[in-house]
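Fold and contact review
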Amino acid sequence: MKVLKFGGTSVGSAESIQTLLQIVQKENAAFGAPVVVVSAMGGVTNLLAKMAEKASVGEEYVGYLTELETRHFAIIKTLLDVQRQNPVFTKLKIFFNELEDLLQGISSLKELTAQTRDLVLSYGERCSAFMISKIAEQFFLDSLYVDATHLIKTDSNFGQARVQTELTDILIQSFYSEHQGKILFLTGFIASNEHNRITTLGRGGSDYTAAIVGSALNAAEIQIWTDVNGMMTADPRMVKKAFPLPELSYTEAMELSYFGAKVIYPPTMIPAFLKRIPIAIKNTFQPDFPGTVIKHDCSPSNLTIKGISSINEISIINLEGSGMVGKAGFSGRLFSLLAREQINVILITQSSSEHSITFAIHPADASKAQLLMEQEFELELHAKKLEKPVFEQNLSILAIVGENMKQTPGMSGKLFHALGRNGVNVRAVAQGSSEYNISVVISRPDLNKALNAVHDAFFTELNKTLHVFNLGTGNIGKTLFRQLQSHTEFLQENNGIQVKVVGISNTRKMVFNNDGLDLESWQNELESGETAQLDEFVARMKAMNLPNAVFIDNTASPKPIAFYEEVFKSNISIVTCNKIGNSGSFGQYKKFKDAVRSHGVDFYYETNVGAGLPIIRTLKDLMVSGDRVLKIEAILSGTISFIFNNFKGEASFHDVVKEAQEKGYTEPDPRDDLSGLDFMRKMLILARDAGYPLEASDVQLENMLPKTAIEAGTVAEFYEALKAEDAFFNGIKTAAESNGKVLRYIGKLENGQVSISLKQVDSGHAFYSLSGSDNVISFTTERYKERPLVVKGPGAGAEVTAAGVFADLVNVGAH
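Just so we're clear, the structure is a prediction, and the values are computed from it rather than from any experiment. (Residues numbered from 1 in each chain as written. Predicted model: local features only at pLDDT ≥ 70, side-chain atom pairs only at ≥ 80, totals over all residues. Heavy atoms only, no water.)

Summed over all chains, the structure comprises three cavities of 30 Å³ or more. Here the largest cavity is characterised by a volume of approximately 70 Å³. Residue lining of the largest cavity: R421, N422, K464, L466, N548, A549, N571, S573, V601, V812 and G813, and that is the complete set. Residues of the lining of the largest cavity, tallied by class, amount to four nonpolar, five polar and two charged. Considering the residues around the second largest cavity, the lining is formed by V35, V146, L151, I172, F175, Y176, L184, L186, V213 and L217. Elements with a contribution of two residues or more to the lining of the second largest cavity: α6 (165-178) and β4 (183-187). Broken down by element, the lining of the second largest cavity gets its largest block of residues, three residues, from α6. Here the lining of the second largest cavity is composed, by residue class, of 10 nonpolar, no polar and no charged. (1 Å grid on protein atoms, 1.4 Å probe; cavity = no way out; pocket = protein on both sides within 12 Å on 5 of 7 lines; lining within 4 Å. Points joined across faces, edges and corners; volume = space filled by probe spheres on them. Nonpolar A, V, L, I, M, F, W, Y, C, P; charged D, E, K, R; others polar. Helix = DSSP H or I, 4+ residues; strand = E, 2+ residues; numbered from the N terminus.)

If you want it as structure tokens, here you go:
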């Protein structure tokens, strides 16, 4: 036989009770009559407790009593045939009248003892079980309402009574054998003491009732029917990717439940644990879903951990001093004191020097614990052998649990790396020698981020989520969103990455969405967003405190640069195509690099130098592999590349520049490109990445334009000046052609010096056959000395630049 327990949500409405009866009917047909344990209707226990509290202080409670009657009577009218209703109404009315008399007594005395409170609360289960048993009689003639107070015997510790197992087992077994074949609808949560006074079994009491009955009758299985699909890998309210676990061992379930997984309460499992009875957690609202089975002999699992659990609110107390060192019995004295006063210690950790001990308790117990400790250790505190206990509030516990942790190296490393990379500071750590659990104490505001980061780290079959905050919605920003949208499935299938753009801003508007903005309609959402403020955008990004957060700067503005260091210090990675930051002062460049190292985040800026070309990554790979860079030569301007690739034959310099502007290769004022300043910034970034602490003033920049062209007042005057200098430019071209060479504007890094100048190169040079607007870079190193390593391709354009940003983004957190 089986024991089926249905929680408050499972008996909370007419629809859910109908589902309950279908489940019981199916079970009865397949395996014979089960024992059905029921809780009070959803919310009724809280309602009863509120009524009792109100009555004890003389406040009005009749409205709540009316609400209680209305809820139960509405169920009867909906689910019970009319001719069957009156006897049920009568019995329930008797219950409600008894309850009203009791509440009046509490109100008169202005006193609410634990014993009286238990009696008040018992009406929730008694009304529920009686009502459901009578509804069930329409389908099962052998249905029987059973008041568990006649079967489960406890001590007189009202509110948290301890079960007298031997007597209880005899009573249950005797009653069951007398009513063999009947479907018993038993009240959960309630019991009675030796004087037949009603007691309650505390938190999770109905689950406990099911386990007690299952153990007494040696049930084949205990089923806990609730409103979730079993035990989850994490709290689904915080971790959207949490999924149900098919199996758990008793130990794993105990550990997960102890640390906050509220599906089942740890003590409730003990009777089943001792008899090795499987416990199945199932969903009333999806009865065909297999749920989670907690049992002794689990099948081998490839999951290193089974779940991540948490306690949202805890306080920690740190006690330290020389008076603890080598002092036998000190810990016993401390924890015996707390136990005597019913203060539950959640976690303990002690330094190997015995100089300090840290433990976690519930915040409600903190003040009491402090007072008790100061009284107990008054002499030691006065003699300065102990420091005054230090209390810390607003903390949480996160715990990873799993039996496979025992034989898997690197579990702690993976946990702390996931936390550290996301800026989560660990205040205390505890791990038992069984290695089933590693618990860490962290700041309460970091809990959500920590749970998601750790879940991503351990459940690698799921996609890692990158949370993107994008600044700039020009050509590059728009193109990036289009590329991300079209490659969503590819990223998930091939890279195991899910990208959520959770914040977008331009100079006018900004918009945020924790669950990710729709990349099809982001423009509409942005337009209806709030007024953009860069400092507010950064502040909101930090406040959202999401794991694996990435700030993308798709602007060419100096304003975002001022926030880079703050972003790094908030443990947020940066991907940028904005070269102003890295080409500013060397001090600023170094600050960025130091912040990245000290906070364990990524800073990718491949597009600073060659759009989508892998230039910075190639340089980095050469250097980390031990190669020595001897010389770098480069053409890193698509505009300049186009002009000199086409400045040959009969073409004039004026006409080629004009054509470049018409094709959209130049800025509105071509001098912005031809001045070489943008090229200089790119060479400076390369030099710094190669290890040289250079400033912009250290770069030798040869100006290719005559003074008259540079100083022309307007663009039209600039072109007139170019036309007037035809002879000058043709002279340079003719000189090169007569030597069998071509003109190239080349940047060079050699011996720590950077220069950019117009050079003649012959057919043996890597840049000789360059065409179109391609960029090219040549690395001469110890390994690539005879034939340099050359990277060549498009160095400009929204498509390739966005692709470069995309590539940088998917590399965040990969190394």
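So that's the structure; there's more coming.
Read from one edge to the other, the open sheet built from six strands follows the order β25-β27-β26-β24-β28-β29, with strand pairing classed as mixed. Looking along the sheet, the strands with just one partner apiece sit at the ends: β25 (700-701) and β29 (789-794). One ladder, built from six bridges, connects strand β24 (residues 629-635) with strand β28 (residues 774-781); its direction is antiparallel. Across the sheet, the residue bridging to V629 is T781, located in β28. Sitting on the sheet, helix α23 (residues 638-646) is in contact with β24, β26 (742-750), β27 (753-761) and β28, with an inclination near 140 degrees to β26. (Pairing = 2+ DSSP bridges. Contact = heavy atoms within 4.5 Å. Axes fitted to C-alpha atoms, helices over the stretch in contact; angles between N-to-C directions.)

A few words now on the environment of F130. Locating F130 in the fold gives a position in helix α5 (residues 114-136). C-alpha separation for the pair F130 and A369, spaced 239 residues apart in sequence, amounts to 44 Å.

The subject of this paragraph is the side chain of T187. Tracing the backbone shows T187 in strand β4. When its relative accessible area of 0% is taken as the criterion, T187 is described as buried. (Buried < 20%, exposed > 50% of the residue type's maximum accessible area, 1.4 Å probe, protein only.)

When the terminal C-alpha atoms of helix α29 (residues 726-738) are compared, their 18 Å separation across 13 residues agrees well with the 18 Å that a helix rising 1.5 Å per residue should span. Looking at α29, one finds that the buried residues are D726, F729, K733 and A736. Buried residues in α29, looked at end-on, bunch into an arc of 105 degrees, giving them a common side. Exposed residues lying more than 90 degrees from the buried face of α29 are A727 and S738. Where the residues of α29 are buried, they touch α24 (653-662), α28 (715-724), β26 and β27. Positive phi appears at G740, one or two residues downstream of α29, with a value of about 70 degrees. (Expected span 1.5 Å × (residues − 1). Arc of directions from axis to C-beta.)

The next subject is the packing of α6 against helix α7 (residues 205-216). In the contact formed by α6 and α7, the axes pass within 9 Å of each other and the chain directions differ by 75 degrees. One element, α6, and the other, α7, form an angle in the roughly perpendicular class. Contact residues: α6 offers T168, D169, I172 and Q173, while α7 offers I212, V213 and A216. (Parallel < 35°, antiparallel > 145°, perpendicular 65-115°, else oblique.)

Our next topic: the pairing of strand β17 (residues 464-471). The element β17 is extensively covered by neighbouring structure, given that seven of its eight residues are classed as buried. Where β17 lies against strand β18 (residues 497-505), eight bridges are found, and the strand directions are parallel. Bridging from a neighbouring strand, N470 pairs with I504 of β18. With five bridges connecting them, β17 and strand β21 (residues 549-553) associate as parallel partners. By the bridge assignment, V468 is partnered in β21 with V550.

Okay, the sheet that holds strand β11 (residues 307-320) next. Within the open sheet, the six strands sit side by side as β12-β13-β11-β14-β16-β15. Their pairing is antiparallel. Single-partner strands in this sheet number two, and they are β12 (345-350) and β15 (426-431). Neighbour-to-neighbour, the strand axes of the sheet open up by a mean angle of 30 degrees, direction not taken into account. Contacts from helix α8 (residues 250-258) reach β11, β12, β14 (390-401) and β16 (437-443), with the element oriented near 65 degrees to β11. The sheet contacts of helix α10 (residues 330-340) involve β11, β12 and β13 (356-361), and relative to β13 the element is tilted by about 20 degrees.

Chain-level statistics for the protein chain give a pLDDT mean of 92 and a share of 99% at 70 or above. Strand β22 (residues 573-576) holds the highest mean pLDDT among the elements of the protein chain, 98, whereas α8 holds the lowest, 84. (pLDDT = per-residue confidence, 0-100.)

Counted by the stated rule, this structure contains 37 salt bridges. In this structure, the salt-bridge partner of E247 is K295, at a minimum N-O distance of 3.0 Å. Residue E247 is found in strand β8 (residues 247-249), and its partner K295 is found in strand β10 (residues 292-295); the two are separated by 48 residues along the sequence. Exposure remark for E247: the relative accessible area of 19% places this residue in the buried category. Here R617 and D808 are joined by a salt bridge, their closest N and O atoms 2.7 Å apart. Of this pair, R617 sits in helix α22 (residues 616-624) while D808 sits in helix α30 (residues 798-811), and the two are 191 residues apart along the sequence. Looking at D808, the relative accessible area reads 1%, which means it is buried. Members of the salt-bridge network, linked through shared partners, are K2, E27 and E221. (Salt bridge = Lys/Arg side-chain N within 4 Å of Asp/Glu carboxyl O.)

Take unusual backbone geometry next. A positive phi is found at F189, a non-glycine position, where the angle reads about 75 degrees. Structurally, the position occupied by F189 is in the loop between β4 and β5 (190-192). Backbone geometry at A611 places phi at a positive 55 degrees, although glycine is not the residue there. Summarising the element assignment, A611 is placed in the loop between α21 (607-610) and α22.

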